[in-house]
Amino acid sequence: MTNFPLEIVTPDRMFFSGEVESVIVRGVDGDLAVLKNRAPLVTPLKIGKVRIIIDGKEKVAALCSGYIKVSKEKTTIISDSAEWPEEIDIKRAEEAKKRAEKRLKEKPSGIDTKRAELALRRALNRLDVAKMK
Ligand code: ATP
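### Brief notes about the site of the ligand
Consideration 1: Taken together, the neighbourhood of the ligand is formed by D12, C64, S81, E83, E87, I88, D89, R92, A93, R99, R122 and R126.
Consideration 2: E83 has a polar side-chain atom sitting 2.5 Å from an oxygen atom of the ligand.
Consideration 3: R99 is positioned with one of its side-chain polar atoms (N or O) 2.7 Å from an oxygen atom of the ligand.
Consideration 4: Counting only elements with at least two residues in the shell around the ligand, the list comes to helix 1 (90-106) and helix 2 (113-130).
Consideration 5: Looking at which element gives the most residues to the shell around the ligand, the answer is helix 1, with three residues.
Consideration 6: In terms of residue class, the shell around the ligand is made up of three nonpolar, one polar and eight charged.
Consideration 7: When residues of the shell around the ligand are assigned to domains, at least three fall in each of domain 1 (4-83) and domain 2 (87-130).

And the structure:
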């Protein structure tokens, strides 16, 4: 299998940089698998997992929304946050989930429903990825 360079960048770190066989992300139009020599593109990402295949082995991480850019030279993912399973604080994600669920259930006046829904999706995604340790 031919490799290509992948970088995953967040505001506070270079989360991943290396040669990979493929990378699979959740684009706004569905799952997107990138292999070497894929046609160039830029597309927004949804909250979800990124799957990185190296030497036939899969590494999974939690991603927030962001963008993927595929070019001839390399593929770059830019995201507000990224965590490996072992980095995820389960208690924190459970608390974020409870907070968001409470807001969505009680709907206090002035609640930004979209914001609460996104917070809930981030928390559920982290809890899901944390199980993949
Ligand atoms: P919270 O309400 O707990 O802050 P959030 O979804 O609003 O959750 P984000 O804004 O997505 O948090 O992330 C802010 C920073 O905190 C990022 O660097 C992210 O990687 C980190 N982070 C958020 N939740 C967790 C978690 N459960 N475990 C580890 N890191 C986390």
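What follows continues from the structure just given.
### Some remarks on unusual backbone geometry
Leaving glycine aside, a negative phi is the common case for residues, and trans is the common case for peptide bonds.
Consideration 1: A positive phi is found at D55, a non-glycine position, where the angle reads about 50°.
Consideration 2: Unusually for a residue other than glycine, K107 sits at a positive phi of about 40°.
Consideration 3: In this structure, K107 sits in the loop between helix 1 and helix 2.
Consideration 4: We classify K107 as exposed; its relative accessible area is 53%.

### A short note on the domain arrangement of the protein
Consideration 1: With domains assigned, the protein is organised as domain 1 (4-83) and domain 2 (87-130).
Consideration 2: The interface of domain 1 with domain 2 comprises 12 residues on the first partner and nine residues on the second.
Consideration 3: Summing both partners gives a buried area of about 820 Å² for domain 1 against domain 2, and 58% of it is carried by carbon and sulfur.
Consideration 4: On the domain 1 side of the interface with domain 2, the three residues burying the most area are I47, K49 and E83, jointly 61% of the side's total.
Consideration 5: Seen at the junction of domain 1 and domain 2, the total is three salt bridges.
Consideration 6: Its salt-bridge partner being K49, residue D128 comes within 2.8 Å of it at the nearest N-O pair.
Consideration 7: Between the two partners, domain 1 and domain 2, sit six residue pairs in polar contact (both at pLDDT 80 or more).
Consideration 8: Those elements that provide at least two residues to the side of domain 1 that touches domain 2 are strand 2 (13-20), strand 6 (48-54), strand 7 (57-63) and strand 10 (82-83).
Consideration 9: No other element matches the three residues that strand 7 contributes to the side of domain 1 that touches domain 2.

### Quick notes on the nonpolar core
Consideration 1: In this structure, I8, V23, V25, V50, I52 and I77 are the most contacted members of the largest nonpolar core, which totals 20 residues.
Consideration 2: Excluding residues within four positions of it along the chain, I77 makes contact with L6, E7, I8, V9, V23, V25, L45, V50, L63, Y67 and I68.

Quick notes on the rules
Residues numbered from 1 in each chain as written. Predicted model: local features only at pLDDT ≥ 70, side-chain atom pairs only at ≥ 80, totals over all residues. Heavy atoms only, no water. Near = heavy atom within 4 Å. Polar contact = N/O pair within 3.5 Å; in protein donor to acceptor, adjacent residues only side chain to side chain. Helix = DSSP H or I, 4+ residues; strand = E, 2+ residues; numbered from the N terminus. Nonpolar A, V, L, I, M, F, W, Y, C, P; charged D, E, K, R; others polar. Domains from an automatic or database assignment. Buried < 20%, exposed > 50% of the residue type's maximum accessible area, 1.4 Å probe, protein only. Contact = heavy atoms within 4.5 Å. Buried area = accessible area lost by both parts, 1.4 Å probe. Salt bridge = Lys/Arg side-chain N within 4 Å of Asp/Glu carboxyl O. Core = buried A, V, L, I, M, F, W, Y, C linked by side-chain atoms within 4.5 Å.

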